[in-house]
Amino acid sequence: MIDAKKYIEEIDKKQDKLTSLSDEIWGYAETAFTEFQSVEALQKFFESEGFLVTPHAYGVETAFTAEYGSGTPRVGVLGEFDALSGLSQVSDLIEKKAVTEGASGHGCGHNLLGVGSAAAAQAIKKYLEDGHAGTVVYYGCPGEEGGSGKAFMARNGAFKDLDFALTWHPATVNQVCKDSSLANFQVLYEFKGISAHAAGCPEMGRSALDALEIMNVGTNFLREHMIDKARVHYAITDTGGYSPNVVQSEAKAIYLIRAPKVGQAAELYKRVDKIAEGAAIMTETTYSKQLIKSCANLVSNRVLEQALYEAMQEIGVPSYTEDAYERAEKYTATTPDGSGRVFDDLIDDHLIPENVEYLREKKHSRINDFIVPYETIHLVKCGGGSTDVGDASWMCPTAQINTATWAPQTPGHSWQVVSQGKSEIAHKGMLYAGKSIALAAIKMMEEPERIAKARKEYDEVMKDQEYIPIPEGIEPRPISAIK
Ligand SMILES: [Zn+2]
Ligand SMILES: [Zn+2]
C-alpha cells in the first residue's frame, strides 16, 4: 500500500497560493455565466501548475476543464465559482454592511468551493506524477446559482467518461452528504393583455397583472396537494409598469418548481402550466412560457461516500486559534436562534448509543470542529435545496462532502457567509475539503475493485431511470438576460 497521505502535503505546501486565489475570487463576486475574471484566475492557476486547460468547455462560455495524466481511471473533481446578486458585504465585519449597495457577493461560498476542488486536483496530479496510471480532470462549472451550469455541460457530453466524480460544498459542519437534493425546473411565465385607462375605460382593458396574480394564488392553493418535499417559489420580474391608472398589458414571473425526483418535478411543472393556462382564460389574456433551465436530483453513491468519510477521518479536522472560536461565536449570535445548536432532535431509536452521546456533547460547539458520524448525518439540518451536482451524478458515480467553513447556524445565502468568506475558518475548511477529496480519490485509484463497486451501485440505481436533459436550443443565460 502506498503512502497516499504524502501527496496531500502538496496542499499544505501551496496553501498560501490557494487561499489568496480564493480571496481573489471572493473579490470578483461574479454571478451565473458572467464569471470571466474568476475563470481567468483559475485557468491561470491550472496552467501554472502544468494542467492542460480547455476553455469554453462543453459549449458553455465560462466553463472550462483542466486535465492531467492519461488513461484510466478517470477521476473528476467539480468546482464552482459564481456569486449571488445583492449580497455585497464587508469582509470579516460581524454586522450587515455592503461594500457596494446592491452589488453581488459570495453568499454560497463558491470562492472556496472552486479553489478547494482545485487543491484536490493538484494533489491527485502529484500522485499521477509519481508514475501512477490515470487522469484527473477539474471541471470549472459556472452558473450553479439559478443557472444549472452542470446540467448544460452534461447535456453537451460532460462527466460521462469519468469513473467517478467528487466535490464538496462549504457549510457549518464537517460531513459526507448522504442525502439527495431536489430536482427542479426554472420557468419564465409571461402574460399579455390589453392596456386601457384603469378608471376611464377599464372594460376595454385585459390585465396581465391580474392573470399573474391569479396564477400565483392558484399555485398557493396547489401547495396543499403536492407531495411533501415538493417546493414552488416565484419571483415577479415584471409587474407591467408603475402606473396604477393603467391596465397592465404585460406581467412576468420566474417560477422555480422543485421535487425530490426529476419525474415528480416534471409532473408538478405540468400542473403549474395548467394554472397559468387557467389564469389566462379567466382574464382573457394570453400566456407563454420559456424553460430557463432544469436540474436533476442528486443520486448518492454509498461506496464513494464511505471513501470520503474515511478520508475525512484520516486527515482529521483542522485546529483553530482562540480568535477564530471567539469570532465564530459572535457570528452565531447574529442568527435568529443564536444558540449554535446543530441538531434539532437526537431522539432516534435506531442510532448507536455512542453516536447519540457524541452528538449530545457536540451539540453546542463554538465551531463545529468534529465530523458528523456517518450514521447520524440525517439529523443535521443542512441543504434542502437543489444542486446541479445532481446532473453530474446521473452521468457517473458522484459524491460530495461538506466542511465547516462558517460559524454554527450561519444561514446559506446570507451576509454572514460573505463576511466569513476570507476568514480563518473558511480557509481551513476549504483546505480540509481539498485534502479529503484528494485522499479519497487516490485511495479509490489504488483499489480498482472499489471503483468497480461504485460503478455497480450506480448501474443498479440507474436501472429503469431516465435522465431528462435540458432541451436542445435552450442555452445558459445570465439572470439579467432573462426577459
Ligand atoms: Zn447557493
Ligand atoms: Zn452553493
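Relevant structure appears above.
Now for a quick tour of the structure.

About the criteria used
Residues numbered from 1 in each chain as written. Chains lettered and ligands numbered in written order. Predicted model: local features only at pLDDT ≥ 70, side-chain atom pairs only at ≥ 80, totals over all residues. Heavy atoms only, no water. 1 Å grid on protein atoms, 1.4 Å probe; cavity = no way out; pocket = protein on both sides within 12 Å on 5 of 7 lines; lining within 4 Å. Points joined across faces, edges and corners; volume = space filled by probe spheres on them. Helix = DSSP H or I, 4+ residues; strand = E, 2+ residues; numbered from the N terminus. Nonpolar A, V, L, I, M, F, W, Y, C, P; charged D, E, K, R; others polar. Phe/Tyr/Trp six-rings, centres within 6.5 Å; stacked < 30°, edge-to-face > 60°. Buried < 20%, exposed > 50% of the residue type's maximum accessible area, 1.4 Å probe, protein only. Salt bridge = Lys/Arg side-chain N within 4 Å of Asp/Glu carboxyl O. Donors = N, O, S within 2.8 Å, 3.2 Å for Na, K, Ca; no water. Pairing = 2+ DSSP bridges. Right-handed = clockwise from strand over helix to strand, strands pointing away. Contact = heavy atoms within 4.5 Å. Arc of directions from axis to C-beta. Axes fitted to C-alpha atoms, helices over the stretch in contact; angles between N-to-C directions.

The next point concerns empty space enclosed by the protein. All chains considered together, the criterion is met by two cavities of 30 Å³ or more. Lining the largest cavity, in full, are Ala183, Asn184, Phe185, Val262, Ser294, Cys295, Ala296, Asp391, Tyr467 and Ile468. For the lining of the largest cavity, the secondary-structure elements that each account for two or more residues are strand S7 (183-192) and strand S10 (286-295). Each pocket or cavity is described by its volume, and for the second largest cavity that value is around 40 Å³. Forming the walls of the second largest cavity are Val299, Ser300, Asn301, Ser393, Pro397, Thr398, Glu457, Tyr458 and Val461. For the lining of the second largest cavity, the element with the highest residue contribution is helix H14 (residues 448-462), accounting for three residues. Looking at the lining of the second largest cavity, its residues break down into four nonpolar, four polar and one charged.

A word on the packing of aromatic side chains. Using the criterion set out here, one finds 19 aromatic pairs in the structure. Ring centres of Tyr189 and Tyr255 lie 5.4 Å apart, and the angle between their planes is 80°; this geometry places the pair in the edge-to-face category. One end of the pair, Tyr189, is in strand S7; the other, Tyr255, is in strand S9 (residues 250-259), with 66 residues separating them in the sequence. Look at Tyr189 and you get buried, because its relative accessible area is 0%. On the accessibility criterion, Tyr255 (0% relative accessible area) is buried.

Here the focus is the pattern of salt bridges. Across all of its chains, the model carries 27 salt bridges by this definition. Of the charged contacts, one joins Glu10 and Lys126 as a salt bridge, the two residues approaching to 3.9 Å between their closest N and O atoms. Residue Glu10 is found in helix H1 (residues 5-13), and its partner Lys126 is found in helix H4 (residues 110-129); the two are separated by 116 residues along the sequence. On the basis of relative accessible area, Glu10 is assigned to the buried category, the value being 8%. A single salt-bridge network, built from bridges that share partners, covers Glu10, Lys13, Lys14, Lys17, Glu49, Lys125, Lys126 and Glu129.

What follows is about the coordination of the zinc ion (ligand 2). Each donor-metal-donor angle in an ideal tetrahedron of four donors is 109.5 degrees, and each such angle in an ideal octahedron of six donors is either 90 or 180 degrees. The protein atoms that coordinate the zinc ion (ligand 2) are Cys108 (SG), His110 (NE2) and His169 (NE2), at distances spanning 2.0 to 2.3 Å. Coordination of the zinc ion (ligand 2) draws on donor residues from a single chain, spaced C-x1-H-x58-H in sequence. Here the zinc ion (ligand 2) and the zinc ion (ligand 1) are spaced 3.1 Å apart, with Cys108 acting as a shared donor.

Here strand S3 (residues 74-80) lies mainly inside the structure; seven of its seven residues are buried. The side-chain alternation of S3 yields two buried faces, one formed by Arg74, Gly76, Leu78 and Glu80 and the other by Val75, Val77 and Gly79. Across seven bridges, the pairing between S3 and strand S4 (residues 134-141) is parallel. Looking across to S4, one finds that Arg74 is bridged to Thr135. Regarding topology, H4 serves as the crossover connection from S3 to the parallel S4, and that connection is right-handed. Where S3 meets strand S5 (residues 164-171), three bridges bridge the pair, whose relative direction is parallel. In the sheet register, Val75 faces S5, and the bridge partner there is Phe164.

Quick look at the environment of Ile214 now. Looking at the secondary structure, you find Ile214 in helix H6 (residues 208-222). Through-space distance from the C-alpha of Ile214 to that of His427 is 47 Å; in sequence the pair is 213 residues apart. Ignoring anything within four residues of it in the chain, the contact list for Ile214 reads Ala279, Met282 and Thr283.

We now examine the coordination of the zinc ion (ligand 1). Summarising the metal site, the zinc ion (ligand 1) is bound by the protein donors Cys108 (SG), Glu145 (OE) and His413 (NE2), whose distances to it range over 2.0 to 2.3 Å. All donors of the zinc ion (ligand 1) come from a single chain, and their spacing in sequence reads C-x36-E-x267-H.

On to H1. The set of residues buried in H1 consists of Tyr7, Ile8, Glu10 and Ile11. The arc enclosing the buried residues of H1, seen along the axis, measures out at 125°, which places them on a common side. Lining the buried residues of H1 we find helix H2 (15-28), H4, helix H8 (302-315) and helix H13 (424-446).

Attention now moves to unusual backbone geometry. Following Thr72, the chain continues to Pro73 via a peptide bond in cis, the omega torsion being -5°. Mapping Pro73 onto the fold places it in the loop between strand S2 (64-70) and S3. Look at Ser148: it is not a glycine, yet its phi comes out positive at around 50°. Assignment of secondary structure puts Ser148 in the loop between S4 and helix H5 (149-155). Not every positive phi belongs to a glycine, and Gln409 is a case in point at roughly 70°. Assignment of secondary structure puts Gln409 in the loop between strand S11 (398-404) and helix H12 (415-419).

Attention now moves to the sheet that holds S10. With antiparallel pairing, the four strands of this open sheet are ordered in space as S8-S9-S7-S10. In this open sheet, the two edge strands, each paired with only one partner strand, are strand S8 (231-238) and S10. Pairs of neighbouring strands in the sheet enclose a mean axial angle of 20°, with direction left out of account. Relative to S9, S7 is paired through ten bridges, and the arrangement is antiparallel. By the bridge assignment for S9, Leu188 is matched with Ile254. Sheet strands touched by H6: S7, S8 and S9. Its angle to S9, the strand with the most contacts, is close to 20°.

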